[in-house]
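Structure at a glance
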Amino acid sequence: MSVHPRIVADDFPATLRFYADLLGEPEKVVAEFEYASFDSGGETVLAVLGRRAAEAVLPVGRGDGGVLVVVPVPDVDATVAALPAGTVVAAPADRPGWGVRSAYLRDPEGNLVEVQTWLPR
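Residues numbered from 1 in each chain as written. Predicted model: local features only at pLDDT ≥ 70, side-chain atom pairs only at ≥ 80, totals over all residues. Heavy atoms only, no water.

1. A look at the layout of surface pockets
The test is simple: Only protein atoms enter the 1 Å grid used here, on which a cavity is any set of points holding a 1.4 Å probe that cannot leave and a pocket is any open set flanked by protein within 12 Å on both sides along at least five of seven lines; residues with an atom within 4 Å of a point are listed as lining. Grid points are joined across faces, edges and corners, and a volume is the space filled by probe spheres set on the points. A run of H or I in DSSP becomes a helix once it reaches four residues, and a run of E becomes a strand once it reaches two; helices and strands are each numbered from the N terminus. Under the convention adopted here, Pro, Cys and the residues Ala, Val, Leu, Ile, Met, Phe, Trp and Tyr are nonpolar, Asp, Glu, Lys and Arg are charged, and Gly plus all remaining residues are polar.
A volume near 390 Å³ is recorded for the largest pocket. Along the wall of the largest pocket there are 20 residues; nearest its centre are His4, Tyr35, Thr44, Gln116 and Trp118. Every element with two or more residues in the lining of the largest pocket is listed here: β1 (4–9), β2 (28–30), β3 (35–40), β4 (43–50) and β8 (112–118). Residue composition of the lining of the largest pocket, grouped by class: 7 nonpolar, 8 polar and 5 charged.

Structure (structure tokens):
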């Protein structure tokens, strides 16, 4: 299981350049979704997502600190169904451009958490 942080960036190109200078070139870049991932051993260890792209699917705001935690789960819908009411801030949905089905939650401290399952290829 690869739990990893995702940086939500106001300036996607500059943030991507910063992490590429620090970590080397990303393994995956999807420019139209302002998404990039830095991987190790086939697992994502850090991802960068443009705020505009993030806001299209979840209620992320400047007060969120710009980081969310991504947690892979076997079944997004079953995971969400088992959570307490009020936890889910964006219902499960397929995100084919990203290759995942995901939902967005807030932990008790207000941090954003994405639960995701890869879509069949």
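2. Things to note about the sheet that holds β3
Under the convention used in this document: Strand pairing follows a simple DSSP-based rule, namely that at least 2 bridges must link the two strands. Structural elements are reduced to axes, namely lines fitted to C-alpha atoms, with helices fitted over the stretch in contact, and the angle between N-to-C directions of any two is expressed from 0 to 180 degrees.
Strand order in the open sheet formed by 8 strands is β2-β3-β4-β1-β5-β8-β7-β6, with mixed pairing between adjacent strands. The open sheet has two edge strands with one neighbour each: β2 and β6 (88–95). Direction aside, the axes of adjacent strands within the sheet are offset by 20° on average. Relative to β3, β2 runs antiparallel, the two being bridged by 3 bridges. Counted as the bridge partner of Val29 is Ala36 from β3.

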